[in-house]
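# Results of the structural survey
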Amino acid sequence: MAKITLDNLAHSYFPTPKSEDDFALKELNHDWVDGEAYALLGASGCGKSTLLNIISGLLHPSQGRILFDDQDVTHAPTAERNIAQVFQFPVVYDTMTVRDNLAFPLRNRGADASYIASRVQQIGKMIGMEAELDRKARGLTADAKQKISLGRGMVREDVNALLFDEPLTVIDPHMKWELRTQLKSLHHEFGHTMIYVTHDQTEALTFADKVVVMYDGRVVQIGTPQELFERPAHTFVGYFIGSPGMNVFDAQIDGATAQIAGTEVALGAGYTPKGGKLQVGVRPEFIRLTSDGTGVPASVRRVEDVGRHKIVRLDVAGREVSAIAGEDDAVSTDTNGITFDPKGINVYADDWRVAAEGEAA
Ligand code: ADP
Ligand code: MG
């Protein structure tokens, strides 16, 4: 297992990039802590696979260095990096049995036969294919083949890191949950450094200790699920994580007060933003409905009952705002305003979060 350091890393697929826009991966400095499980989360095209392939050595960065435990591997081939990578689509040897597919990485490293036999049995069980170990991979479903790919990725215990690039895409929904749970327990058991790429927030939040959120070639926040929920560092994080995502209001800010849609709102802390486009972000969980004329004027557009709670869609100055109400809360037809719980308020300047006065950085 290893700590992985990204030092001044950037990548462009163009031979002579002319501007920042030409970079699929903008400059990045980061340490992936040894033994942690990370999820790399972001929309399609934001640079997740580019970053993963640079770490594994399938791609050489146009700028910067990669270190494994302080050893520079920037130009080392994949085979020398001692990592396992699982891709979105299955990579299996069709003419081999499931057992031989799983054993392949161990045989390659000269592991002894009895160890291989027991380890393959263990992994076969983990991926739910114990009964099919002696079948040829040819003719198996895409689903089953992908389970073999996952198993092969997990079979070695001595890797520097395990990298997964949207590995559950072709797996059926029930098995997805099962395999994700298996990956998590594998992490607890062996403590591998794991990097798991996904565009699915549920997958990211349930799998990882730390979620790395990417947007447009940039890492915009690295944090625990709780940090991403409570203190989104960028409006994109607020919007992308959460269901529904964070509401963002255009605002003027004066100390501990904001003006939103012509109404004064107490922010609960003082802010001194240095200018730029100012906004206040509030997650639906922290919005309360009023019907006595207090708060920011709002009217109910519709109520969606999603089981555990209700999502109330409101109109605030012509824009849709979402609030969450309890399953048993009646949503008054007299609703005419909203107020914000100060502990759920974040302030943004040009989409980046502004720390409150006195807040620890
Ligand atoms: P993700 O995995 O987050 O969907 P990628 O890392 O695959 O994103 O892609 C990031 C950007 O780089 C995208 O704009 C994509 O079109 C571009 N890109 C990816 N691979 C190549 C390539 N081989 N050649 C040129 N552009 C590429
Ligand atoms: Mg990708």
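Thresholds applied
- Residues numbered from 1 in each chain as written.
- Chains lettered and ligands numbered in written order.
- Predicted model: local features only at pLDDT ≥ 70, side-chain atom pairs only at ≥ 80, totals over all residues.
- Heavy atoms only, no water.
- Phe/Tyr/Trp six-rings, centres within 6.5 Å; stacked < 30°, edge-to-face > 60°.
- Helix = DSSP H or I, 4+ residues; strand = E, 2+ residues; numbered from the N terminus.
- Buried < 20%, exposed > 50% of the residue type's maximum accessible area, 1.4 Å probe, protein only.
- UniProt positions renumbered as here; feature names shortened; annotations may be inferred.
- Pairing = 2+ DSSP bridges.
- Axes fitted to C-alpha atoms, helices over the stretch in contact; angles between N-to-C directions.
- Contact = heavy atoms within 4.5 Å.
- Core = buried A, V, L, I, M, F, W, Y, C linked by side-chain atoms within 4.5 Å.
- Parallel < 35°, antiparallel > 145°, perpendicular 65-115°, else oblique.
- Left-handed = near helix turned anticlockwise from the far one by under 90°.
- Near = heavy atom within 4 Å.
- Polar contact = N/O pair within 3.5 Å; in protein donor to acceptor, adjacent residues only side chain to side chain.
- Areas by Shrake-Rupley, 256 points an atom, 1.4 Å probe, with all protein chains shown as cover.
- Nonpolar A, V, L, I, M, F, W, Y, C, P; charged D, E, K, R; others polar.

With that settled, the discussion passes to the packing of aromatic side chains. Taken as a whole, this structure holds nine aromatic pairs when the rule is applied. Where Tyr 93 meets Phe 104, the ring centres are 4.9 Å apart and the plane angle is 45°; that geometry is what we call tilted. On the criterion of sequence distance, the pair formed by Tyr 93 in the loop between strand S6 (83-86) and helix H3 (98-108) and Phe 104 in helix H3 is long-range, its members being 11 residues apart. Using a relative accessible area of 35% as the deciding quantity, one classes Tyr 93 as partly exposed. What makes Phe 104 partly exposed here is its relative accessible area of 28%. Where Phe 236 meets Phe 240, the ring centres are 4.9 Å apart and the plane angle is 20°; that geometry is what we call stacked. Note that Phe 236 and Phe 240 are positioned in helix H9 (residues 235-240) at a spacing of four residues, about one turn of the helix. The pair formed by Phe 236 and Phe 240 is uniform in burial state, with each residue classed as buried. What links up through ring pairs into an aromatic cluster is the set Tyr 215, Phe 236, Tyr 239 and Phe 240.

The next point concerns the UniProt feature "domain: ABC transporter" (unreviewed entry) in the protein. Here, UniProt's "domain: ABC transporter" (unreviewed entry) annotation points to residues 4-241. Here residues 4-241 is 37% helix and 24% strand, with 26 Å between the C-alpha atoms at its ends.

Read across the sheet, six strands follow the order S6-S7-S8-S3-S9-S10 without closing on themselves; strand pairing throughout is mixed. Where the open sheet ends on each side, the last strands, each with one partner, are S6 and strand S10 (218-223). For this sheet the average axis-to-axis angle between neighbouring strands, irrespective of direction, equals 15°. Pairing of strand S7 (residues 161-165) with strand S8 (residues 194-198) involves four bridges; the strand directions are parallel. Residue pairing in the sheet places Phe 164 in a bridge with Tyr 196 of S8. Packed on one face of the sheet, helix H1 (residues 48-56) meets strand S3 (37-41), S6, S7, S8 and strand S9 (210-215) and runs near 150° to S7.

With 46 residues, the main nonpolar core has Leu 102, Ile 148, Met 154, Phe 164 and Val 213 as its most contacted residues. Counting 28 residues, the second-largest nonpolar core is a separate cluster that includes Leu 278, Val 280, Val 316 and Val 321.

This brings us to the packing of H3 against helix H4 (residues 113-126). At a closest axis distance of 9 Å, the pairing of H3 and H4 adopts a crossing angle of 130°. Judged on the interaxial angle alone, H4 and H3 are oblique. Here H3 runs over H4; the crossing is right-handed. Of H4, the residues touching H3 (which contributes Arg 99, Leu 102, Ala 103, Leu 106 and Arg 107) are Tyr 115, Ile 116, Arg 119, Val 120, Gln 121, Ile 123 and Gly 124.

Lining the immediate environment of ligand 1, one finds Tyr 13, Ala 24, Ala 43, Ser 44, Gly 45, Cys 46, Gly 47, Lys 48, Ser 49 and Thr 50. In this structure, an oxygen atom belonging to ligand 1 sits 2.9 Å away from a side-chain N or O atom of Lys 48. Here an oxygen atom of ligand 1 and a side-chain polar atom of Thr 50 are 2.5 Å apart. Starting from 550 Å² of accessible surface for ligand 1 in isolation, the protein chains cover 53%. Looking at the shell around ligand 1 element by element, the count peaks at three residues for H1. Looking at the shell around ligand 1, its residues break down into four nonpolar, five polar and one charged.

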